[in-house]
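# Architecture and fold: a report
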Amino acid sequence: MPTPDIKWFESPHQWGRAGELPKAIVIHSMGGTLAGCDAWFRNPTSQVSAHYGVGLSGEIHQYVDESQSAWANGRLEPGNTWPYSGEPGPNLVTLSIETEDTLASLPVTDEQYASVLYLCSRMVGRWGTIEWLLSHRVISPVTRKSCAGDRWNSGRFHDLAKDLGVPLKI
């Protein structure tokens, strides 16, 4: 497979890692289109971002450099199953990927899966500190209980964790 092209759409919603290294990759569902996500993450009033967005066609957009913290994961909510205690907020120790899902029932496409696998494999190799693959609901089980959604829980999440060689928490 050729190396995917990554298009840069910088988001203003980011900060430094405060000396922390990424320990987990968090997968999200956009609840819309890649173009909509591009606009939302660049909107000064949105106050949200992710490192990457991956379209159904496999197209990859980058919003935040991996050396910085994106604002995708919020705060730990009651009932979370976050695998770290006594750690700084999740945004400081995660890398995040939003995935296009124009319909909640639309399965993860093979092209989208291949691009997400490419990004995750690159993150695992680049950082050497990735210990977990997580869905957003691990962090926010109250407000994001359906993120990353049934489309990933159909077996694609398990395949991704297996292909990466890291444990999964959904």
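An account of the accompanying structure is given in this report. Keep in mind it's a predicted model, so treat the numbers as computed, not measured.

Among the structural elements, Arg 156 can be located in helix 4 (residues 156–164). The class for Arg 156 is buried, based on a relative accessible area of 18%. A polar contact is formed between the side chain of Arg 156 and the side chain of Asp 110, at a distance of 2.4 Å. When neighbours within four sequence positions are excluded, Arg 156 is seen to be in contact with Val 108, Thr 109, Asp 110, Tyr 113 and Arg 151.

Moving on, we come to the pattern of salt bridges. Here the structure, examined in full by the defined rule, presents four salt bridges. Glu 59 serves as the salt-bridge partner of Lys 7, at 3.1 Å between the closest nitrogen and oxygen. Taken together, the residues span a long stretch of sequence, with Lys 7 in strand 1 (residues 6–8) and Glu 59 in the loop between strand 4 (52–54) and strand 5 (60–62) at a distance of 52 residues. On the basis of relative accessibility, which here comes to 29%, the residue Glu 59 falls in the partly exposed class.

Moving on, we get to the sheet that holds strand 5. Strand pairing in a sheet relies on backbone hydrogen bonds, with the paired strands running either antiparallel or parallel. Here we have seven strands laid out as an open sheet, ordered 1-5-4-7-3-8-9, and mixed in their pairing. On the outer flanks of this sheet lie strand 1 and strand 9 (168–169), each paired with one strand and no other. Bridging between strand 4 and strand 5 involves three bridges; their strand directions are antiparallel. The partner of Val 54 across the bridge, within strand 5, is Ile 60. The strands that helix 4 touches are strand 3 (24–29), strand 8 (132–135) and strand 9; relative to strand 8, the one it contacts most, it runs at about 165 degrees.

How each quantity is defined
Residues numbered from 1 in each chain as written. Predicted model: local features only at pLDDT ≥ 70, side-chain atom pairs only at ≥ 80, totals over all residues. Heavy atoms only, no water. Helix = DSSP H or I, 4+ residues; strand = E, 2+ residues; numbered from the N terminus. Buried < 20%, exposed > 50% of the residue type's maximum accessible area, 1.4 Å probe, protein only. Polar contact = N/O pair within 3.5 Å; in protein donor to acceptor, adjacent residues only side chain to side chain. Contact = heavy atoms within 4.5 Å. Salt bridge = Lys/Arg side-chain N within 4 Å of Asp/Glu carboxyl O. Pairing = 2+ DSSP bridges. Axes fitted to C-alpha atoms, helices over the stretch in contact; angles between N-to-C directions.

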